Amino acid sequence: NGHVVRGTHRGQIRPLFGSLRDPQFAPRTIAQIENAVFVPQPVCQRMSSFERVIVVFEDHIDAQSTERALTEAGLVSQLYVHPRGQPWPTLAALIAQDTRLVIFAENATPPPAWLHHLWDEAWDTPYTFKTTQDFSCAPNRGTKGNALFLINHWLGNPLPDPLLARKANTYDVLGGRARQCKAEGGQQPTFLAVDFYNSGALFRVVNELNGLDGGIP
């Protein structure tokens, strides 16, 4: 669960992180992804005109299988295709284009053109931490300086733990790390990825990074 740092009072971009695996090995995982992420087209049509969704897949299936699933869900017409090497659009631009979904894959590469390879466009921090003192802003995957910057911010036990999330997501811990990574990375974070996004000060930190007041529901 995370929240993109580029939100406004008039619109929201909500990132989702999911795992794609061969159904013969993990049928429940595939079902959950299809129900939660590959939402049917009527569901997309019920989204607010100011809402957009970014999906980041930890993909362990081929690009053709991902394409088939999204096609069967009737979502291809809703997908954004980013011209390589061009600046990423603002939320307002995505709204103007009426493209509601942006898809990234950690492993697969295009084609199809809408299946963006995450590490061609983004870089991230490490993601394995046991205590808040372990948090680091060191470059991990991708190339530092890529247009999009992902801060991974959670504590493992090894599975997500709501009690650990309360510690990680406090204003002092999350806000302090976001500001530290912004300074060390030399660029505005694009994504803050956390466990249990509704626990703690995520929206306050996001708004402060964006120069906004108040919370985002």
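Let me begin by describing the structure that accompanies this report. (Residues numbered from 1 in each chain as written. Predicted model: local features only at pLDDT ≥ 70, side-chain atom pairs only at ≥ 80, totals over all residues. Heavy atoms only, no water.)

Let us look at the pattern of salt bridges. According to the stated counting rule, one finds seven salt bridges in the structure shown. Between Arg 84 and Asp 120 there is a salt bridge, and its shortest N-O distance comes to 3.9 Å. Placement of the pair is Arg 84 in the loop between α3 (63-72) and α4 (91-97) and Asp 120 in helix α5 (residues 118-121), with a sequence separation of 36 residues. Judged by its relative accessible area of 60%, Arg 84 is exposed. A relative accessible area of 34% places Asp 120 in the partly exposed class. (Salt bridge = Lys/Arg side-chain N within 4 Å of Asp/Glu carboxyl O. Helix = DSSP H or I, 4+ residues; strand = E, 2+ residues; numbered from the N terminus. Buried < 20%, exposed > 50% of the residue type's maximum accessible area, 1.4 Å probe, protein only.)

Okay, the side chain of Gln 187 next. Mapped onto the elements of the fold, Gln 187 is located in the loop between α7 (171-185) and β8 (191-194). Note on Gln 187: relative accessible area 17%, which makes it buried. A distance of 3.4 Å separates a polar atom in the side chain of Gln 187 from the backbone oxygen of Ala 147. In this structure, Gln 187 is in contact with Trp 123, Gly 145, Asn 146, Ala 147, Leu 148, Phe 149 and Lys 182, ignoring residues within four places of it in sequence. (Polar contact = N/O pair within 3.5 Å; in protein donor to acceptor, adjacent residues only side chain to side chain. Contact = heavy atoms within 4.5 Å.)

Bringing α7 into the picture now. Here α7 is 15 residues long and its end C-alpha atoms lie 20 Å apart, about the 21 Å a rise of 1.5 Å per residue gives. Of the residues making up α7, those classed as buried are Leu 174, Gly 175, Arg 177, Ala 178, Cys 181 and Gly 185. One side of α7 carries all its buried residues, which in axial view fall inside an arc of 160°. Turned more than 90 degrees away from the buried face of α7 sit Asp 172 and Ala 183, all of them exposed. Close packing links the buried residues of α7 with β6 (122-124), β7 (148-153), α6 (162-168), β8 and α8 (202-210). (Expected span 1.5 Å × (residues − 1). Arc of directions from axis to C-beta.)

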